[in-house]
Number of protein chains: 4
Amino acid sequence: MTVTLSTLNAAPSAVFVETLGAVFEHAPWVAEGAAAGRPYPTVEALFAAMRATVQRAEEGRRLALLAGHPELAGRAARAGRIAPDSIAEQAAAGLDRLSEAEFARFAALNAAYREKFGIPFILCVKRHGRASLLATFERRLGSSPEIERRVAEDEVMRIAAIRLDALVTGEGPLQTKGRISTHVLDTALGRPAAGVALELYEIVSATEAALVARAVTNADGRTDAPLVHGRPVPVATYELRVRLGDYHRRLGLDLPDPPFLDIVPLRFGVSEPEGHYHVPLVATPWSFQTYRGS
Amino acid sequence: MTVTLSTLNAAPSAVFVETLGAVFEHAPWVAEGAAAGRPYPTVEALFAAMRATVQRAEEGRRLALLAGHPELAGRAARAGRIAPDSIAEQAAAGLDRLSEAEFARFAALNAAYREKFGIPFILCVKRHGRASLLATFERRLGSSPEIERRVAEDEVMRIAAIRLDALVTGEGPLQTKGRISTHVLDTALGRPAAGVALELYEIVSATEAALVARAVTNADGRTDAPLVHGRPVPVATYELRVRLGDYHRRLGLDLPDPPFLDIVPLRFGVSEPEGHYHVPLVATPWSFQTYRGS
Amino acid sequence: MTVTLSTLNAAPSAVFVETLGAVFEHAPWVAEGAAAGRPYPTVEALFAAMRATVQRAEEGRRLALLAGHPELAGRAARAGRIAPDSIAEQAAAGLDRLSEAEFARFAALNAAYREKFGIPFILCVKRHGRASLLATFERRLGSSPEIERRVAEDEVMRIAAIRLDALVTGEGPLQTKGRISTHVLDTALGRPAAGVALELYEIVSATEAALVARAVTNADGRTDAPLVHGRPVPVATYELRVRLGDYHRRLGLDLPDPPFLDIVPLRFGVSEPEGHYHVPLVATPWSFQTYRGS
Amino acid sequence: MTVTLSTLNAAPSAVFVETLGAVFEHAPWVAEGAAAGRPYPTVEALFAAMRATVQRAEEGRRLALLAGHPELAGRAARAGRIAPDSIAEQAAAGLDRLSEAEFARFAALNAAYREKFGIPFILCVKRHGRASLLATFERRLGSSPEIERRVAEDEVMRIAAIRLDALVTGEGPLQTKGRISTHVLDTALGRPAAGVALELYEIVSATEAALVARAVTNADGRTDAPLVHGRPVPVATYELRVRLGDYHRRLGLDLPDPPFLDIVPLRFGVSEPEGHYHVPLVATPWSFQTYRGS
């Protein structure tokens, strides 16, 4: 359900506010503040106006905006008493499927954070894998109130930007999406490796890997769509497992048993959720390499 | 405890037979048969004479030689009622530390094999990792008596060669040893990567990896000794995990968090236990490659 | 000056024949033969009809078609007494700028060929570099009349295909064009190398290299247009010379003098004029590599 | 003709001085000054004593030492009126085979340098290729007297170190020698590429390349000896031309004509004459790479 920028520019104020009222959590006043500035030439300009509305607001409203955000994996989230966008965002990060131990850990972290800083812990969960989310939570617990106040508002802006980007299409779109893509090249034959099955995992811990995507390379050695796209790439360590041995067996090569290369793991870290991580595999039965490409 | 070939060549027959009597399991007659052919110019010639003694022996003796080998992880092995060399060999392969379930599986395989072929399942365990050992066992169960008779005798020869190689030094040594080595090169700086910690694991199953070796690269980017050497390299899939991120952090590089490359896994298969697997890592913070080198 | 296939399909026969009359050298009867088969759904179908017209023609006409082709760098070409398309094609191959010695060599080859086979030497010059052109000429001189008759007709078809492809646009275009492209990646920094100057040369002989293209990489590390495109890539050995040292100096790196890598030559051969040769450079100040990419 | 350090330590002073008298050009007093300090535990210590003798000498002697060096490609050198070591050193750098134009250029540079600095231009020619020698000469002409006085003395020390290193063997040798080596790996087959012919050229100018070494790889893919060794590697740009296509043809591969890779040029610069430049080629018929290895 998207709306065009020009529709929004032309809409009655009430419709504009109703459409964008949930972009900032429990804070339709931000959309109200931006309604008067229409028409906006780009989505970026619209978002800048919303951000400026927040920054111009008096202290009480700004604090209330922060306070209005639900805790991560908190009791309210568990009971479904949080904004629909937040429900979806926390679910996408797997926060609705925690074990009792994990839930308890989040509860403790949430309490400690609120105790120390007086606001809920706010993080744009769509930009973090599970390991990064917890590491960030713990790191920020050790921070100072001044820094955390600023960081929390930055995270509110990131959450809002992703919501707005998903809602409004038009010129000058917000850059909230990243990509992971690959390309398999057979340098023994000097051509793309077609029909190569591969899986992308998020490495959650030393013992847990979560499947993110599964694909088979096409005639150009690429996957028809990027492995991750249309959303931020969560900060995490990933492993792309490429079934190179199967490919070589299908070529009818006389391989040793086990082959020197069979399932090739390419492990890499993502630190910029809005970046493009092109991770090619250039390989023969006896060599392989990867690099951050473009 | 090794002896030189020249000492053996000059020794009284009884000493020669006593020294080499256990090279073929429970079959001192093989050493007896080779005693008269002395002096041998090379260890290879000595081994060839022992092999020829077996091949010239009458059928009953050859079958008894096979029958004299203990089952893998069998009851006799468990009770310590097998030859000392076999005890050590099975222990090195971890066959003395099986779970009850694994022990039961071996027992079933041993029984099925003996039932079908009339001889114990014989495999030179020093040349196989755990996964390869089980896969080979199951594959050979599906074989024919004629082939298995020949394969069993080949394995007896491999076991004997390793024992002889460990016992006798001299000209023309047997080639029973392989190697895994590595070399880490930093192509951002154009020099060897020194002080890089790495671990070599045997990938036993999708969920189990057994540590084989741990080392740190020296000033030349190599490990002071090969990661595996002085013995056959068990047929297996290995993973060399190189702590590249730590190396880059020590260089003081401004890396993203997480870095693009942190622990780099190089997964490769070994199919020739007597081969040299040189598996270098040529890397920058944003690229890496490996190949079977030399 | 191009025409659409649908225009041709709808045109009066005389216009159709006039438009396509020069596709086959001095042989408007081929276009005449194809006029009746209209409409053609694709350019490929149109060309197939023209080819079939040739193949169905009686022997005398087919021989005359071959005989109608000018010699390469021949007296007629020199005097401008050949078809306009041929003039342009020979000029593109540099055959109008030969030294007296080279002209004499062609004259001798032309005479020898005509003497042996009774037809002029026909070669689609747009598909060959200078060295390949001469090597092919000499190789074909050693061939047999049966083979040369067939090869000559194949070359006539290649010449015609390129002319038709340049003339007619529409569905199912002929595949007469190839490409050389590149991409420069900086794997020390993990990003495209922008602003890298490079030149593509055709290696004519051990002492002569002819400049083919010159470009600078854009922000994505690619050139705005492929180095060669919109035409067949002449069969030849090429050298892409990449000014990597200048790029590193602009980055402000502390390089030795001379740097380990300065102008990096990538030498490669093109054997399929209609192929895509993607020749990337993946480099740091201390390493580089290339491969046939896609 | 070498002598051991222990022989020198035990020799009468006169013999010591006679043996080492020519290490510093026309300055036997340097050897005399070092004679008394014997015995020296290492060649480095001996050299340090000779260097200290120079540094302690009064100004007149030090200037005379500089003045005693012949001009590069000067009239005296041409007439054979310079020290035997200098004759050999200048010949090794090709300075005895200059064209009249080059000779005139050196004459002009020599005159300008002597005019500006009052001493002959001194350079350890064994450490420079032709292009570097001229470039260094021109660069130093633009320098200041203070710097040039110091640089000239440094070069005298380099010349002396190489002479001493060639003369005396023993513990703690001087490090005056560098190396260029290579290693060709076939990563399509996962093994060293044996029997590969290669040539190393010094790139003198855009149109001139001088052959430095020619070799064929052995079973391990290396050359039996480094391409350059036992001497400083002259500062220069080099090109290693590897006949990869011939190797692939001998393997019986079905290659295109021309092959994608035939003669592969690896162009690299040497800036540290005492360094080890290991320049491997890791290749398939469709890819290759190199890097500064170790």
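All values reported here derive from a predicted model rather than from experimental measurement.

Enquirer: What exactly am I supposed to notice about the overall build of chain A here?
Expert: From N to C terminus, chain A includes 11 helices and 13 strands. With the model as given, the accessible surface of chain A reaches about 12600 Å², and the carbon-plus-sulfur share is 53%. Side-chain charges in chain A split into 33 positive and 34 negative, and the spacing between the mean points of these groups amounts to 1 Å.

Enquirer: Is there a simple way to explain the pattern of salt bridges in this structure?
Expert: If charged atoms from side chains of opposite charge come close, those side chains can pair. Within the structure shown, the criterion is met by 86 salt bridges over all chains. Linking Arg97 of chain A and Asp96 of chain A is a salt bridge whose minimum nitrogen-to-oxygen distance equals 3.1 Å. Close ionic contact of Arg105 of chain C with Glu138 of chain C constitutes a salt bridge, the shortest N to O distance being 2.5 Å. Of the two residues, Arg105 of chain C is situated in helix α8 (residues 100-117) and Glu138 of chain C in helix α9 (residues 130-141); the sequence distance between them amounts to 33 residues. Judged by its relative accessible area of 39%, Arg105 of chain C falls in the partly exposed class. One network of salt bridges, in which partners are shared, links Glu25, Asp85, Glu89 and Arg163 of chain A.

Enquirer: Explain the UniProt feature "domain: Transthyretin/hydroxyisourate hydrolase" (unreviewed entry) in chain A here, please?
Expert: The residues that UniProt annotates with the feature "domain: Transthyretin/hydroxyisourate hydrolase" (unreviewed entry) are residues 180-293 of chain A. As annotated, residues 180-293 of chain A comprises 6% helix and 50% strand, and the C-alpha atoms at either end are separated by 11 Å.

Enquirer: Even after reading the chapter, I still don't get the interface of chain A and chain D, so can you show me in this structure?
Expert: How big an interface is tends to be stated in terms of accessible area lost as the parts join. At the junction of the two partners, chain A supplies 8 residues and chain D supplies 8 residues. Across the chain A-chain D interface, the total number found is 0 salt bridges. Taken together, the links from chain A to chain D amount to 4 residue pairs in polar contact (both at pLDDT 80 or more). Across the side of chain A that touches chain D, the residue classes break down as 4 nonpolar, 4 polar and no charged.

Enquirer: Would you mind showing me how to read the relation of the copies chain A and chain D here?
Expert: Between the two copies of the chain lies a relationship made up of a rotation around an axis and a movement along it. At an RMSD of 0.1 Å, chain A and chain D line up after a rotation of 180 degrees and a shift of 0.0 Å along the axis. Expressed as an axis order, the relation between the two copies is that of a two-fold axis. Minimal C-alpha distance to the rotation axis in chain A is attained by Ala188 of chain A, lying at 2.5 Å. The overlap is high: 100% of the interface residues of chain A also sit at the interface in chain D, so the same surface is used on both sides.

Enquirer: Is there a simple way to think about the packing of aromatic side chains in this case?
Expert: Any two aromatic rings considered together are summarised by their centre-to-centre distance and by the angle between their planes. Scanning the entire structure with this criterion turns up 38 aromatic pairs over all chains. Look at Tyr238 of chain D and Phe268 of chain D: their rings are 5.9 Å apart centre to centre, the planes differ by 25 degrees, and that puts the pair in the stacked class. Placement of Tyr238 of chain D in strand β9 (residues 236-243) and of Phe268 of chain D in strand β10 (residues 263-270) is noted, with a sequence separation of 30 residues between them. As far as the burial class goes, Tyr238 of chain D and Phe268 of chain D line up, both buried. Among the aromatic residues, those joined into a ring-pair cluster are Phe106, Tyr113, Phe117, Phe121 and Phe137 of chain A. Directly above the aromatic system of Tyr201 of chain B lies the positively charged group of Arg241 of chain B, at a separation of 4.2 Å from the ring centroid.

Enquirer: Could you clarify how one ought to interpret unusual backbone geometry in this entry?
Expert: Most peptide bonds adopt trans geometry, and most residues besides glycine take a negative phi value. In this model, Asp257 of chain B is joined to Pro258 of chain B through a cis peptide bond whose omega is 0 degrees. The topology assignment puts Pro258 of chain B in the loop between α11 (244-250) and β10 (263-270). Of note, the amide linkage connecting Arg38 of chain D to Pro39 of chain D takes the cis form, showing an omega dihedral of 0 degrees. Within the secondary structure layout, Pro39 of chain D lies in the loop between α3 (28-35) and α4 (43-56). Notably, Ala73 of chain B is not glycine yet its phi reads approximately 55 degrees, a positive angle. Inspection of the secondary structure assignment puts Ala73 of chain B in the loop between α5 (59-67) and α6 (75-78).

Enquirer: How should the sheet that holds strand β6 (residues 197-203) of chain D be read in this particular structure?
Expert: What links the strands of a sheet is backbone hydrogen bonding, and the strands pair in either a parallel or an antiparallel sense. Residue and element names in this part refer to chain D. What the 4 strands build is an open sheet, ordered β7-β6-β9-β10; its pairing is antiparallel. Pairing within the sheet leaves two strands with one partner each, and these edge strands are β7 (209-216) and β10. Adjacent strand axes in the sheet meet at a mean angle of 20 degrees when their direction is disregarded. Relative to β10, β9 runs antiparallel, the two sharing 8 bridges. Looking at the pairing, Glu239 lines up with Arg267 of β10.

Enquirer: Help me understand the environment of Phe288 of chain B, please; the structure alone is not making it clear to me.
Expert: Inspection of the secondary structure puts Phe288 of chain B in strand β13 (residues 287-291). Separated by 123 residues in the primary sequence, Phe288 of chain B and Asp165 of chain B place their C-alpha atoms 38 Å from one another. In this structure Phe288 of chain B touches Leu266, Phe288, Gln289 and Thr290 of chain A together with Leu261, Val264, Leu266, Leu281, Val282 and Ala283 of chain B, once residues within four positions along its chain are discounted.

Criteria and cut-off values
- Residues numbered from 1 in each chain as written.
- Chains lettered and ligands numbered in written order.
- Predicted model: local features only at pLDDT ≥ 70, side-chain atom pairs only at ≥ 80, totals over all residues.
- Heavy atoms only, no water.
- Helix = DSSP H or I, 4+ residues; strand = E, 2+ residues; numbered from the N terminus.
- Areas by Shrake-Rupley, 256 points an atom, 1.4 Å probe, with all protein chains shown as cover.
- Lys, Arg positive; Asp, Glu negative; His and termini not counted.
- Charge placed at Lys NZ, Arg CZ, Asp CG, Glu CD.
- Salt bridge = Lys/Arg side-chain N within 4 Å of Asp/Glu carboxyl O.
- Buried < 20%, exposed > 50% of the residue type's maximum accessible area, 1.4 Å probe, protein only.
- UniProt positions renumbered as here; feature names shortened; annotations may be inferred.
- Contact = heavy atoms within 4.5 Å.
- Polar contact = N/O pair within 3.5 Å; in protein donor to acceptor, adjacent residues only side chain to side chain.
- Nonpolar A, V, L, I, M, F, W, Y, C, P; charged D, E, K, R; others polar.
- Least-squares fit on C-alpha atoms with pLDDT ≥ 70 in both.
- Phe/Tyr/Trp six-rings, centres within 6.5 Å; stacked < 30°, edge-to-face > 60°.
- Lys NZ or Arg CZ within 6 Å of the ring centre and 35° of its normal.
- Pairing = 2+ DSSP bridges.
- Axes fitted to C-alpha atoms, helices over the stretch in contact; angles between N-to-C directions.

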